[in-house]
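# Secondary and tertiary structure notes
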Amino acid sequence: MTDTDNALQQFTFKAETKQLLNILIHSLYKDREVFLRELLSNASDALNRLRFEMVTNQNVLDSTAELSIHIKTDKDTRIITIQDTGIGMNRDEVIENLGTIAQSGARKFLDATKDQKVDLTQVIGQFGVGFYSVFMVAEWVRVTSHSFDPQAEAVSWYATGDDNYQIGKAEMSERGTRVEIKLKEDAAEFAEEYRLKNIIHKHSDYIGFPIYMGDGQETVNKQTSLWRTSRQVVTDEQYKEFYRQTTLDFEDPLSHIHISTDAPVQLYALLYISSKAERGMFSLRKEDGLKLYSRNILIDEYNKDLLPEYLRFVQGVVDSEDLPLNVSRETVQSSGLMPKLKKVLTNQVIRELESLAKNNAEKYQIFWQEFGAYLKQGIASAPMETENINPLLRFKTNQHPEAWSSLDEYISRMQEGQKEIYYIVGEDPRSVLRSPHLDYFHSQGTEVLLLTDPMDSFMLMGLRKFKDLELKNVSQADVDTMQKPKEEAEAVKIPDADFNSLVDLFKQVLGERVTDVRASSRLYQSVARLADADGTVNADLQRVYRYLGKEYEIPKKILELNPAHAVLKNLLKLEAGTELQNIIIEQIYDSALLVEGLHPDPSSMASRVQQIIEAALEKHSG
Ligand code: ADP
Ligand code: MG
């Protein structure tokens, strides 16, 4: 050691860091080579930050030095040296950054190690503890650094991976950071130049600064980012690795979109759609947004202005030459460029989704199940975009309750003379199929969309028409019941006079709870249904109100009866005003509430149902 002993000061790592080091040193990770990627990524960050600093600050040490990284290796001593001309660190920064760093990241990393399935070395950098990965291969590590600030003094940090690290003064006159690694015996392979070159090609080719090796004058890395690389040469594996690195998602993405255009704006982008809407529990991404680069330099980590809100699940990177480099985040927003970028990106994402739907139904189904709610929200909140979004929508229907159908497919299956798209809103796909509102449509073989997702009610606010066909709720549709001249049905109807007295009975028992009781020509299997009185807020909006505020009271409804139903005929046969007649009327009303999903207290029916059972059994056994 070059430091004199009295200048050295000893510090102890925090508990989480100790644990983390312990795991890294003793576990048998097969991908130890990623330590190099982490150190090079730190060097690249430091160079980026220096470049940023130089935009506004003239007073920088070695201001003409090339922004680059040099790697030296010595097979005999097993020492690798990685030196950058980046921003550097002063004494306090070294202690802060390498001693007490990212406690929360360390804790999350430790939690994540409990999950055996994931290869954490792949993503350690995302936890903000990438530097420590060096201890997978190091016997000891010395970091020597000189800040860009000409006034600062050089400093050294030394650790062997046990509980302590040492800080001291150092001899280093040039700007930047030097990391020296004494390799463990079993990591001697990393002292070979060819091995290091391979690792760089594999993981760090895209670092935007030259990396030199040994005395070589040629750069080892390609120096261009993946998103700027031509689609033809990027492999699937590279797309996946980049996805893992940027999103910390261990699963493969559902799809990627690689864009490179010159008009109307110059733009590179590499966007991803995950295979799950929910971010993994280890995800450190707290926000939505795309990484925005200008000429390879990161200017915003979570930019939310590049895509509409309903596409906020899309992740990835956008890079445009047209953005001036020395811009603050505010000027990025106010420059007219953002809306143009947004338009291009939005179109591309929509097109990608359309082609996914066309070419890979299976994947599109996964997409729809995970992200459909976002698109529905888009229809509710961005009516201008509905034309883009509508073709992407998928629905279950009464005719195809297990499959997902598009509106176009629905139209292609429509019956002769059908002029509207029918839908029913309900609580869940199974019970909605039993709704009395569907009686007529089932009998005609008419297809009806089943809208049973809470978001559907919101979507309906913006989805009133598709290709000139109006969407109609079956509970309100004025369907042409003349279409079915069911003479047999006429024949079995309760005569008008009797039916009127039945209506009176219902009105007496239900009183204020319904606005009216009347006959319906649209019921087949069902005894009764609830319908909205004219002039009340439509059923879809009622539902939206209910989702938004619990105290919203559903308006009173009309009870419609099926004049041909045996239950009603038999009900008339009972002696008027008996208790059994009353409770059956009550139960018919409650059942109608229940299938609408409007019953305020279903369990209250239990004792009445029991009374009805008792009556039935009595008659049967009596
Ligand atoms: P992260 O890079 O995610 O912040 P790391 O564990 O890789 O986490 O690095 C911790 C911190 O140490 C960095 O944020 C940076 O401040 C500092 N650091 C590491 N390497 C260098 C370097 N070569 N030059 C300047 N600072 C560095
Ligand atoms: Mg790092």
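Here the residue index of a chain counts from 1 through its sequence in written order. By the order in which they are written, chains take letters starting at A while ligands take numbers starting at 1. Predicted model: local features are reported for residues with pLDDT of at least 70 only, side-chain atom pairs are reported and counted for 80 or more only, and whole-chain, interface and lining totals are derived from all residues. The side-chain figures draw on all heavy atoms in the structure; neither hydrogens nor water molecules are used.

## Focus: the site of ligand 1
A molecule or strand has a residue near it when one of that residue's heavy atoms lies within 4 Å. Around ligand 1 there are 13 residues in total, and Asn-42, Asp-84, Asn-97, Phe-131 and Thr-177 lie nearest to it. Two N or O atoms count as a polar contact when they lie within 3.5 Å, although within protein this holds only if one can serve as hydrogen donor and the other as acceptor, and sequence-adjacent residues are included solely when both atoms are side-chain atoms. The contact in question runs from an oxygen atom of ligand 1 to an N or O atom on the backbone of Phe-131, over 3.0 Å. Here a nitrogen atom of ligand 1 and a side-chain polar atom of Thr-177 are 3.2 Å apart. Each accessible area is a Shrake-Rupley estimate made with a 1.4 Å probe; only the visible protein chains count as cover when residues are assessed. Here ligand 1 has 530 Å² of accessible area as a free molecule, and 81% of this is covered by the chains. Those elements that place two or more of their residues in the shell around ligand 1 are α2 (34-56) and α3 (91-99). Three categories are distinguished: nonpolar for Ala, Val, Leu, Ile, Met, Phe, Trp, Tyr, Cys and Pro, charged for Asp, Glu, Lys and Arg, and polar for the others, with Gly belonging to the last. Of the residues belonging to the shell around ligand 1, the class tally is six nonpolar, six polar and one charged. Here a strand is any run of E in DSSP of at least two residues, a helix any run of H or I of at least four, and the numbering for each starts at the N terminus.

## Here's the deal with the pairing of strand β2 (residues 69-74)
Any two strands between which DSSP finds at least two bridges are classified as paired. One ladder, built from six bridges, connects β2 with strand β3 (residues 79-84); its direction is antiparallel. Each residue of the ladder has a partner; that of Ile-69, found in β3, is Asp-84. The hairpin turn running from β2 into β3, its antiparallel successor, is four residues long, and Arg-78 in that turn takes a positive phi close to 55°.

## What about the sheet that holds strand β17 (residues 465-466)?
One open sheet holds the five strands; their spatial order is β14-β16-β15-β18-β17, and the pairing between them is mixed. Only two strands of the sheet have a single partner each, and these edge strands are β14 (396-397) and β17. Sheet topology note: the strand β15 (residues 420-425)/strand β18 (residues 469-473) ladder contains four bridges and is parallel. Among the inter-strand pairings, Glu-420 is bridged to a residue of β18, identified as Glu-470.

## Here's the deal with the sheet that holds strand β20 (residues 528-532)
Taking strand neighbours across the sheet as the criterion, the three strands line up as β19-β21-β20 in an open arrangement whose pairing is mixed. Unpaired on one side and paired on the other, β19 (514-519) and β20 mark the two borders of the sheet. With strand direction ignored, the average angle separating the axes of adjacent strands in the sheet is 30°. The pairing of β20 with strand β21 (residues 557-561) spans five bridges and is antiparallel. Axis lines are fitted through C-alpha atoms, for helices just across the contact stretch, and the angle between N-to-C directions can take any value from 0 to 180 degrees.

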